[in-house]
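Geometric and topological summary
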Amino acid sequence: MLKPISQESSAHRFHVLAVILSLLLVLSVPTFLVACGSQPTTPTPQTPSAVAVELQIFAANSLEKALPEVQAIYTQQNSNVTFADTQFKGSGDLVSQLQGGASADILITASASTMDNADSNGSIDASTRVNMFNNDLIIVKPKGSSTKIDSLAAVNAPEFSRVAIGDPDAVPAGSYANQSLSTVGLYSDSSGKGGEYLEGFGDKVVVQSSVGNVAKTVSTGDCQLGFVYTSDLYRYDGIESAFTVPADTHKAIVYPGAVVKTSKQATEAAKFLDFCLNDPEALKVWSEYGFEVAK
Amino acid sequence: MTHSAVYRIVNALLFVLLLGSVPALPQAALAVEQTQQEGAEQQAADEAVSVSQNNDAAKMAGFDSALSAFARYNSGTGRSVGGVDYGYRYPLAGADALAVLAVEGLTYVYVPDHIAAQFHLDIRDSQVQAHVAQLLEALDVAVSNGGTTLLQLAQPYAFTSESRLNHDGFAIEFGVEVEPGYFYTLISSSDSSDPSHVAYFAETALLVPADSFTIDAAPEGLEAFWNFLGGIDYRPFWVSLRTSAVALIFVFILGLGAARLSLRMNNRVKDVLDSVFTIPMVLPPTVCGFLLLVAFGNSTAFGRWLIDHGIELVFTWPAAVIAAIVVAFPLMYRTTRGAFEAQDSDMLDAARTLGWSEGRIFFRLMLPLAWPSIAAGTVLAFARAMGEFGATLFVAGNYAGVTQTMPIAIYFQWMGGRTDIATFWVFVVVVISFIVILFINLYASHTQRFRKGSGSGAATDAPSDPSANQATNAVSNGSSASQTMPVAPVPTQTDTL
């Protein structure tokens, strides 16, 4: 007699608890909505001289550590300018994303060809296009690894079973790497895209969706070698340079920047690009991370 | 400032509470401590020299001078200033800064004359040279981060106070003021040869008295863990919660509606409809994401029509909600439909003979009977919405504080080299998932037990007034409904999970 009653009452408690929980959940939603709605609309103090501006930047994945530091310096000097969450992805992804309807003010890619694509898509204002940085291509290995490479062709040595390379269609570092590999016969197309890897070598190649992923998989030891930019060394722990790819085996590595055509704050965006190139404090950041500000 | 501090503390407390519910906390804390200590140990390897936490200052026992404002520049620039070409230049820490330039075969260390005099340093003294080199090497190792270090170069140092010198046909100038207040090391050539690859890298630092600053030990143990928690951006948690909660409201209503709708259909239509409702569960999330992007994006007529009418969804928070709804909906729909289908149609017919309207039957009979399944489906749908990654990344992107949910944060933090933060989020997601499954299991076993219990006690415990029991039925379970409805015991439909 007693047992079923006590079970029933505890079951009651349980159901009441369930109802309260679901009520809480439902009630919490408007609160969140209000909270989330109120954050962006909080009026930023506007002085007549400086209208608050929030710039959205799409930047090559390799700039992930350096660019936010430069942005912080810029906001310090120009308190009316803040930055939305900057998107760091493979340059090809960013161009597709812009074409797909994402809104941004500035695009910085890691190769001239990806910027050319953005230009022919009509995504950028070509008159604002400017070469921002030079970079070098290197082969990295896990930190402390004893492997030695003295030539480009050595990446096909039997001791290496996995070599990380960026997807040439989305990751400029990947197409630069393939251009270099084509000079030693490991890749079939000298443009770095659309070709095949040499039989045997192709099985070793692990294609990655961003240069950051290349660096990361090498740092974890999952790949013994990877093709990244010099600047990637300084933003990732756990990798070290094994070989500097000769600059004459691939196209010059240039990072073009441009104001996006649909930007509603094009003047402010252009100002920031100019700041990146000419400010001595910004230069310190770029130099630290190995980005050579273009001539 | 205080607001953000409070927010930080609240967040940290929240997670400490959350983590506290799992006995694995000590190990997790330990793991974080260990990763933080690794860096410190590396520095400690350079016995006598102690390096500041942010790697910009170093001092050593037995040397009255120390280095501060240290920086290593892995590249310089050939960019001209105000139309003037200065060759290739590396920044310096100031007018009085030490300049280090690693070129092939040797490393120049420039100490301005007046600074050497001020610190009573004879830079030709090998003891002084060794001390300065040791300080530089310790700082260099701390910031080189995989680049070639001074130690690895293992080449002789050339200490100099000459501000101009020649190296291999290139002119090197130290401490040149290019812009007001900004000093540089310049490398230039008289002919057309490229000065940009003369140096491997450059470094700079200021000489300061050793007693002008102290170096704090790196925080350890709980303090390090606390600092770690305080440094985490908790927005992915709130974004996840917000997105899944809003998605859940839609999923709940749509799922129930679709399940009810599919019951009324004739069989052929039902099969087709059922496939449509269920397909997001079978499709890879990237396919859902792709289709959503095509539907709402800029590249199709429909998407452009929407955008022209002010509905810009792609890469916004509503897109994340839509993605979550699409992937979570089938879970709600299928569990609910399963429960509805298992209900005894005789019982429903009996209700109809009593004159109940279809609406009343749905809300007063079917829903209460199916409630355990609905509850489980709701929790599962919520968990699925929280775990959504592929479709969200496709249509909503990765905007911190807007669309960056926990799964997306894990991927991008890992990719960005911040494995410790990724680990933290993994831990949080595992804990949440564990709680969700535990909740479903407890709930299921509870209703199961209750049904058995009430079955045996039904004859004596059933309230004499059936209507008094209806309130209980409305929130609870199927078997007690069998007490009020004149039908055979309902078959097990509640614990399909």
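Conventions and cut-offs
- Residues numbered from 1 in each chain as written.
- Chains lettered and ligands numbered in written order.
- Predicted model: local features only at pLDDT ≥ 70, side-chain atom pairs only at ≥ 80, totals over all residues.
- Heavy atoms only, no water.
- Helix = DSSP H or I, 4+ residues; strand = E, 2+ residues; numbered from the N terminus.
- Buried < 20%, exposed > 50% of the residue type's maximum accessible area, 1.4 Å probe, protein only.
- Contact = heavy atoms within 4.5 Å.
- Areas by Shrake-Rupley, 256 points an atom, 1.4 Å probe, with all protein chains shown as cover.
- Pairing = 2+ DSSP bridges.
- Axes fitted to C-alpha atoms, helices over the stretch in contact; angles between N-to-C directions.
- pLDDT = per-residue confidence, 0-100.
- Core = buried A, V, L, I, M, F, W, Y, C linked by side-chain atoms within 4.5 Å.
- Domains from an automatic or database assignment.
- Buried area = accessible area lost by both parts, 1.4 Å probe.
- Salt bridge = Lys/Arg side-chain N within 4 Å of Asp/Glu carboxyl O.
- Polar contact = N/O pair within 3.5 Å; in protein donor to acceptor, adjacent residues only side chain to side chain.
- Nonpolar A, V, L, I, M, F, W, Y, C, P; charged D, E, K, R; others polar.
- Parallel < 35°, antiparallel > 145°, perpendicular 65-115°, else oblique.
- Left-handed = near helix turned anticlockwise from the far one by under 90°.
- Expected span 1.5 Å × (residues − 1).
- Bend = angle between axes of the 7 residues up to and from the residue.
- Phe/Tyr/Trp six-rings, centres within 6.5 Å; stacked < 30°, edge-to-face > 60°.
- Lys NZ or Arg CZ within 6 Å of the ring centre and 35° of its normal.

So, on to the overall build of chain B. Assigned secondary structure in chain B consists of 18 helices and 11 strands. Counting the 497 residues in chain B, one finds 50% classified as buried. Here the analysis covers contacts within chain B between residues at least 6 apart in sequence; of these, 71% occur between residues at least 24 apart. For chain B, the computed accessible surface area is about 23,000 Å², with 61% contributed by carbon and sulfur atoms.

Below, the discussion takes up the sheet that holds strand S9 (residues 170-179) of chain B. Two strands in a sheet stick together by hydrogen bonds in their backbones, pointing the same way (parallel) or opposite ways (antiparallel). Taken in spatial order, the 4 strands of this open sheet run S4-S10-S9-S8 (chain B), and their pairing is antiparallel. In the strand order of this sheet, the two ends are held by strand S4 (88-91) and strand S8 (164-167) of chain B, each with one partner. Pairwise comparison of adjacent strand axes, ignoring direction, gives a mean angle of 30 degrees for this sheet. In this fold helix H9 (residues 280-288) of chain A packs onto S4, S9 and strand S10 (182-189) of chain B, with an angle of close to 60 degrees to the strand it touches most, S10 of chain B.

On to the confidence of the model for chain A. Residue and element names in this part refer to chain A. Confidence along chain A averages 83 in pLDDT terms, with 83% of residues attaining 70 or more. Per-residue pLDDT stays below 50 along residues 1-11; that stretch engages in 12 contacts with residues further than four places along the chain or on separate chains. Predicted confidence for residues 16-48 stays below pLDDT 50, and this span has 17 contacts to residues more than four positions away or in other chains.

Moving on to the nonpolar core. Among the nonpolar cores identified, the biggest contains 83 residues, and Phe58 and Leu107 of chain A together with Phe340, Phe424 and Trp425 of chain B are the most heavily contacted of them. Here this core takes 16 residues from helix H13 (residues 358-387) of chain B, the largest share from any one element.

What follows concerns the domain arrangement of chain A. Residue and element names in this part refer to chain A. If you check the domain split of chain A, you get domain 1 (53-134 + 254-293) and domain 2 (137-249). Opposite the 19 residues of domain 1 that make contact, domain 2 presents 15 residues. For the domain 1 and domain 2 pair, buried surface summed over both sides reaches about 1,100 Å², with 50% attributable to carbon and sulfur atoms. When the buried surface of domain 1 facing domain 2 is broken down by residue, Asn61, Ser62 and Tyr289 rank first, second and third, together holding 32% of it. If you look at where domain 1 meets domain 2, you find 1 salt bridge. A salt bridge links Arg235 to Glu64, with the nearest nitrogen and oxygen atoms 3.5 Å apart. For the pair domain 1 and domain 2, the number of links is 8 residue pairs in polar contact (both at pLDDT 80 or more). For the side of domain 1 that touches domain 2, the secondary-structure elements that each account for two or more residues are helix H3 (91-99), helix H4 (112-120) and strand S12 (254-259). Looking at the side of domain 1 that touches domain 2 residue by residue, the classes come out as 6 nonpolar, 9 polar and 4 charged.

What follows covers the domain arrangement of chain B. Partitioning chain B into structural domains gives domain 1 (52-213) and domain 2 (235-454 + 468-484). The C-alpha centroid of domain 2 of chain B is placed 61 Å from the C-alpha centroid of domain 1 of chain B.

What follows concerns the packing of helix H7 (residues 235-264) of chain B against helix H15 (residues 406-415) of chain B. Residues and elements named next belong to chain B. One can describe the packing of H7 onto H15 by two numbers: an axis separation of 8 Å at closest approach and a directional angle of 145 degrees. Residue-level contacts link Pro236, Phe237 and Ser240 of H7 to Met406, Pro407 and Ala409 of H15. When grouped by side-chain class, the residues that make up the contact of H7 with H15 number 5 nonpolar, 1 polar and no charged.

A word on the environment of Ser182 of chain A. Turning to its location among the elements, Ser182 of chain A is positioned in helix H5 (residues 172-183). Taking the C-alpha atoms as reference points, Ser182 of chain A and Ala72 of chain A, 110 residues apart in sequence, are found 41 Å from one another.

What follows is about the packing of helix H2 (residues 66-77) of chain A against helix H8 (residues 266-278) of chain A. All names here are of chain A. Between H2 and H8, the least distance of the axes is 11 Å, while the angle of their chain directions is 115 degrees. What the angle tells us is that H2 and H8 run roughly perpendicular. The two elements H2 and H8 meet at a crossing, and its hand is right-handed. In this structure, H2 contributes Leu67, Val70, Gln71, Ile73, Tyr74 and Gln77 to the contact, and H8 contributes Glu268, Lys271, Phe272, Phe275 and Cys276. Its residues assigned to classes, the contact of H2 with H8 comprises 7 nonpolar, 2 polar and 2 charged.

The subject of this paragraph is the environment of Asp237 of chain A. Position of Asp237 of chain A relative to the elements: it lies in the loop between helix H7 (230-233) and strand S11 (239-244). Look at Asp237 of chain A and you get exposed, because its relative accessible area is 56%. For the pair Asp237 of chain A and Asp93 of chain A, spaced 144 residues apart in sequence, the C-alpha separation works out to 25 Å. In contact with Asp237 of chain A, other than residues within four places in its own chain, are Ser219 of chain A together with Asn145 of chain B.

Moving on, we get to unusual backbone geometry. Residue and element names in this part refer to chain B. Phi is positive for Asn55, which is not a glycine, with a value near 60 degrees. Positionally, Asn55 belongs in the loop between strand S1 (49-51) and strand S2 (58-60). The phi torsion at Asp168 lies on the positive side, around 55 degrees, for a residue other than glycine.

Okay, the pairing of S9 of chain B next. All names here are of chain B. As paired strands, S8 and S9 are joined by 4 bridges and run antiparallel to one another. Paired with Leu165 across the bridge in S9 is Ile172. Counting the residues in the hairpin turn of S8 and S9 gives 2 residues, including Asp168, whose phi is positive at 55 degrees. Pairing between S9 and S10: 7 bridges, direction antiparallel. Bridging across to S10, Ile172 finds its partner in Ile187. Here S9 hands over to S10 after 2 residues, with Gly181 in that stretch at a positive phi of 90 degrees.

So, on to helix H8 (residues 267-282) of chain B. Residues and elements named next belong to chain B. A rise of 1.5 Å per residue sets the reference length of H8, with its 16 residues, at 22 Å; its end C-alpha atoms lie 21 Å apart and thus fit the reference within 8%. Residue Val276 marks the point of greatest curvature in H8, where the axis turns by about 35 degrees; the proline Pro280 follows within four residues. For H8, every residue scored as buried is listed here: Lys270, Asp274, Phe277, Thr278 and Pro280. Tucked inside the fold, the buried residues of H8 contact H7, helix H9 (285-296) and helix H11 (317-342).

For the coordinates displayed, the defined rule picks out 33 aromatic pairs over all chains. Their ring planes at 15 degrees and their centres at 6.5 Å tell us that Phe302 of chain B and Trp305 of chain B sit as a pair that is stacked. Placement of the pair is Phe302 of chain B and Trp305 of chain B together in helix H10 (residues 301-308), with a separation of 3 residues, close to one helical turn. Among the residues examined, Phe302 of chain B registers a relative accessible area of 45% and is labelled partly exposed. Linked through ring pairs, Phe133, Tyr176, Tyr229, Tyr255, Trp286 and Phe291 of chain A together constitute an aromatic cluster. The side chain of Arg72 of chain B reaches across the aromatic face of Phe201 of chain B, ending 3.8 Å from its centre. Positioned above the aromatic ring of Trp356 of chain B, the side-chain terminus of Arg360 of chain B is 4.3 Å from the ring centre.

Residues and elements named next belong to chain B. Following the criterion strictly, the structure yields 19 salt bridges over all chains and no others. Measuring nitrogen to oxygen at the nearest pair gives 3.9 Å for the salt bridge that ties Arg72 to Glu203. Here the residue Arg72 occupies a position in strand S3 (residues 65-73), and Glu203 occupies one in strand S11 (residues 199-209), the gap between them amounting to 131 residues. In this structure, Arg72 and Glu203 share a single accessibility class: buried. Through salt bridges with shared partners, one network takes in Lys270, Asp274, Arg334, Arg337 and Glu341.

Residue and element names in this part refer to chain A. Ordered in space as S4-S2-S5-S12-S6-S13, the 6 strands form an open sheet in which the pairing is mixed. One side of each edge strand has no neighbouring strand; the edge strands of this open sheet are strand S4 (87-89) and strand S13 (292-293). Contacting strand S2 (57-60), S4 and strand S5 (106-108), H2 crosses the sheet at an angle of about 140 degrees to S2.

Next up on the list: the side chain of Thr392 of chain B. In this structure, Thr392 of chain B sits in helix H14 (residues 390-396). Discounting residues that sit within four places of it in the chain, Thr392 of chain B has contacts with Ala320, Ala323, Gly397, Thr403 and Ile408 of chain B.

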